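# Commentary on secondary and tertiary structure
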Amino acid sequence: MNKILVFLIALFIVPAVIAVGVSPPSVEYIFQPGMSDDLHFYFRNNQDRDTTLLANISGELADYAKITSADATVIRPQEKMYVDLHFALPDSIGDPGWHSFSLVATELEATGGTVGARGQVVVPVRFFVQYPGKKLDIKMDAQDAGMGEDVKFKLSITNLGTEAVSNAKATVEIYKGTDKIGEVSTDEFPVDVLGKLTKDLAWNSGSNPQGVYAAKATLIYDGGPAFANATFKIGTLDLDVRNYTRVVGKGIINKFLIELESRWNRNIDNIFADVNVSKGGNTLTSFSSAMQTLGPWAIKNMTGFLDATGLSEGTYDIQIRLNFSSEGIERSKIVDGQIQVVGGEKIAPEMKANETKKGGFALSKYLTTINLLILIVIVLVIINIIILIRKKKKNENQGNTYI
Amino acid sequence: MTRIERVFLIALAVAAITLVAAVVNENGIRAITGFASSGTATTSVNLLEISSIKTTGSIDFGSGRVDANASNATLDSDAGTVTGGSWTPITQYITVENDGTVNISVNVSADGNNNANGLIGGTNPLFQIKGVATEPDSCTTLQAGYTNVPNSTETPLALCDLLRYWNSADEFNISSKLSIPNDAAPGQRNVTLTFSASKA
């Protein structure tokens, strides 16, 4: 049985690309007993061949909706079509919260192969059943900030109930670990039925150190409290060297990576690294590298080239001096460590791939079409000038006037 | 003018024209004319919200058999490896792209009864897929470890909770891993994965 031949192949020549698109991507209603409506969905074919789309309805409320146009249609290249749908809901569709059915559009063709693919778009049609009485929902977004700057909180408050709320108040508490270190509150405010509003709060980070903090929002109103949580970072204009190339090959120029992590909530610009390799306090080789910009909290490799042609095998001290700035403020930082110089055959394969041989010149980098054409033009111009000069001399020798 | 002079002059002219054409082709006409690349104007535009998903490519393992002394053969289209079988190793992916104008979530399931048991059969078969990131930050959470593929009646596999729509972060790859036991029935196998997109 272990010699069973299993064919994992496709039978047909099939399209390589499958795509399906539907608009609108979602529809939402506030539920009303017995409500009904007609919907029109736009299907498009962005491909350069015919495509067949099949539309159907699925989901919790599928029994209350039906497609009133054709449910399967061939769409010509770059053309569109519409699918019409009608729904009629009963007086009740369930508990407070969201309920839905979905229009599902599936492309009938697939890419084929042992494992092929097709696309499908699901368009939810959602109905929100309001909570009886008073029910507020709160969501919070917290922005990162630098030390001493304001941390901004955006509170989104929605009345999901059937009754208006006359007095609500939101408080945001700030925690470092389990320690509460700050608190800000809104004034009292009303929220109408189905009302949505935002409240902005700010808390000054003061001298709190760089790190991750937690914010807990509590919304107090006469229907009961509601809560939301968020985290934010307090940054400082600093760079961490997360890692760097620890092993290099002797006798060659090595690609050298310095992995940097930003601790700042804005861009860090003009990053320069001066790297010194030394032994016993004597600098043996050095190089510089630069990076234009590192985004907020980003981690990125800085690339340089370490010339180990004069180094023998062994362990060396390395010092990475970083200079960088943000919005005119300059900083510098020194990181000390060690590297190991080994024989070429001991370098990991991925590191070998990055090597540049001693005195090597990446000719292929300059072999572009334009550069070759420039070279050809220059050569031809020189040849024509030589021909011209020779002809002129010949004419002068013959006593003729050359025009 | 001698013949050789004419030849070199014509060659110079042709080379110069070709050079200009190459520069225009590479940089656009603005590069050599000084044509303004920016300006100010007032316009009005309505960007249509559309959910759209594009799938490209397939994974073809070809034909082969489980080795005589192996209990199963394992084929991995990401690692490009085959162990315990005679299939030719391949490195192939299906690319999933959000080509709409809203963020989407992406789920996947196989057609018909094509989970591992339905597709391959035998003792302890395996049919898994995983997401392979090709663009940084395209998915907030990508299912990056090999996971069993559900059939059409099972709960779809959540691949990507939020696939963005801008070009630099709107796609990822899918690779597949099969484990074919030595008691699997011979014959052709193929399966279609349905990648389902919904506004995130």
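Residues numbered from 1 in each chain as written. Chains lettered and ligands numbered in written order. Predicted model: local features only at pLDDT ≥ 70, side-chain atom pairs only at ≥ 80, totals over all residues.

### What to know about the overall build of chain B
To be explicit about the condition: Helix numbering and strand numbering both begin at the N terminus, where a helix is a DSSP run of H or I of at least 4 residues and a strand a DSSP run of E of at least 2. Distance between backbone-placed C-beta atoms decides contact: two residues are in contact if it is within 7 Å.
When helices and strands are counted, chain B shows three helices and twelve strands. For chain B, the proportion of contacts with a sequence separation of at least 24, taken over those separated by at least 6, is 70%.

### Points about the overall build of chain A
The line we're drawing: Whether a residue is buried, exposed or partly exposed follows from its count of other C-beta atoms within 10 Å of its own C-beta, namely 20 or more, 12 or fewer, or something in between, respectively; the C-beta atoms are built from the backbone.
When you go through chain A residue by residue, the secondary structure sums to three helices and 27 strands. Expressed as a percentage of its 403 residues, the buried residues of chain A come to 28%. Intrachain contacts of chain A at a sequence separation of at least 6 include 69% that bridge at least 24 residues.

### Re the sheet that holds strand β22 (residues 253-262) of chain A
Hydrogen bonds between backbone atoms are what pair the strands of a sheet, whose relative direction is either parallel or antiparallel. Residue and element names in this part refer to chain A. For clarity, the threshold we go by: Pairing between two strands requires that DSSP report at least two bridges joining them. Here an angle of 0 to 180 degrees is reported between the N-to-C directions of two axes, which are lines fitted to C-alpha atoms, with helices fitted over the stretch in contact.
Taken together, three strands build an open sheet; the order of strands is β20-β22-β25 and the sheet is antiparallel. The open sheet has two free edges, formed respectively by β20 (239-244) and β25 (299-307), since each of these has just one partner strand. Each strand of the sheet is rotated relative to its neighbour by a mean of 30 degrees, with strand direction disregarded. Two elements, β22 and β25, share nine bridges in a ladder whose sense is antiparallel. Bridge pairing links I253 to D307 in β25.

### Considering the interface of chain B and chain A
Inclusion rule: As a working rule, the residues Ala, Val, Leu, Ile, Met, Phe, Trp, Tyr, Cys and Pro are called nonpolar, Asp, Glu, Lys and Arg charged, and the rest polar, with Gly in that last group.
Between chain B and chain A, the residue contacts involve 56 residues of the former and 49 residues of the latter. At the level of secondary structure, the elements contributing two or more residues to the side of chain B that touches chain A comprise α1 (3-27), β1 (51-56), β2 (62-65), β10 (171-181), β11 (187-188) and β12 (191-199) of chain B. Considering each element in turn, the side of chain B that touches chain A owes the most residues, twelve residues, to α1(B). Split by residue class, the side of chain B that touches chain A holds 26 nonpolar, 20 polar and ten charged. Relative to β1(B), strand β2 (residues 17-23) of chain A runs antiparallel, the two being bridged by six bridges. Paired with A19(A) across the two strands is K54(B), which belongs to β1(B).

### Examining the environment of K177(B)
All names here are of chain B. Relative to the helices and strands, K177 resides in strand β10. Each C-alpha atom, one on K177 and one on K130, is 8.4 Å from the other, the two residues being 47 residues apart in sequence. Leaving out residues up to four positions away in the same chain, K177 has contacts with T74, L75, D76, L126, Q128 and Y146.

### A short note on the nonpolar core
Applicable threshold: For this analysis, nonpolar core means a set of buried Ala, Val, Leu, Ile, Met, Phe, Trp, Tyr and Cys residues linked through C-beta atoms within 7 Å.
In terms of nonpolar packing, the biggest core is built from 61 residues, with L103(A), A105(A), V121(A), I53(B), V106(B) and F195(B) touching the most fellow members. Per-element tally for this core: the top contributor is strand β10 (residues 115-129) of chain A, with six residues. Not counting the four nearest positions on each side in its chain, L103(A) is found in contact with F41(A), A55(A), I57(A), L85(A), V123(A) and V125(A). Ranked by size, the runner-up nonpolar core spans 27 residues in total, among them Y244(A), I252(A), L306(A) and Y316(A).

### Focus on the sheet that holds strand β23 (residues 268-279) of chain A
All names here are of chain A. Spatial ordering of the open sheet is given by β21-β27-β26-β23-β24, a layout of five strands whose pairing is mixed. The sheet terminates laterally at β21 (247-249) and β24 (282-294), the two strands that pair on one side only. Pairs of neighbouring strands in the sheet enclose a mean axial angle of 30 degrees, with direction left out of account. The sheet contact formed by β23 and β24 spans eleven bridges and is antiparallel. Residue I271 lies in a different strand from β24, and its bridge partner there is M291.

### A word on the confidence of the model for chain B
Residues and elements named next belong to chain B. Where we set the bar: Confidence per residue, as judged by the predictor, is encoded in pLDDT with a range of 0 to 100.
Averaged over every residue, the pLDDT of chain B is 85; residues scoring 70 or more account for 84%. Helix α2 (residues 30-33) is the least confidently modelled element of chain B, averaging 34 in pLDDT, while strand β8 (residues 147-148) averages 97, the highest of any element. Low pLDDT, under 50, characterises residues 25-43; the stretch is placed with eight contacts to residues that sit more than four places away or in other chains. Scored as a complex, the prediction yields pTM 0.62 and ipTM 0.73.

### Some details on the environment of T186(A)
Residue and element names in this part refer to chain A. The residue T186 is located in the loop between β15 (179-185) and β16 (189-191) in this model. Expressed as a C-alpha distance, the spacing of T186 and A170, which sit 16 residues apart in the sequence, is 5.5 Å. Non-local contacts of T186, meaning those with residues more than four positions away in its chain, are made with K169, A170, K199 and L201.

### Regarding the pairing of strand β9 (residues 97-107) of chain A
Residue and element names in this part refer to chain A. Across six bridges, strand β5 (residues 51-58) lies against β9 in antiparallel orientation. Looking at the pairing, L54 lines up with T106 of β9. As paired strands, β9 and β10 are joined by ten bridges and run antiparallel to one another. Counterpart to G97 in the pairing with β10 is V129.

### Let's talk about unusual backbone geometry
Residues and elements named next belong to chain A. Cis geometry is found at the peptide bond from S23 to P24, where omega equals 0 degrees. Mapped onto the elements, P24 comes out in the loop between β2 and β3 (27-30). Despite not being glycine, N270 has its phi angle at roughly 50 degrees, a positive value. Residue N270 is classed as partly exposed on the basis of its C-beta count, with 13 C-beta atoms lying within 10 Å. A positive phi angle, near 50 degrees, is found at E327, a position not held by glycine. Inspection of the secondary structure puts E327 in the loop between β26 (314-326) and β27 (329-342). Under the C-beta neighbour-count criterion, E327 is labelled exposed, with 9 such atoms within 10 Å.

### Re the confidence of the model for chain A
With 87% of its residues at a pLDDT of 70 or more, chain A shows a mean pLDDT of 86. Predicted confidence for residues 9-14 of chain A stays below pLDDT 50, and this span has 15 contacts to residues more than four positions away or in other chains.

### What to know about the environment of G84(B)
Residues and elements named next belong to chain B. Within the secondary structure, G84 sits in the loop between β4 (81-83) and β5 (94-98). Overall, the presence of 19 C-beta atoms within 10 Å leaves G84 in the partly exposed class. Spatially, the C-alpha atoms of G84 and V66 are 6.0 Å apart, while their sequence positions differ by 18 residues.

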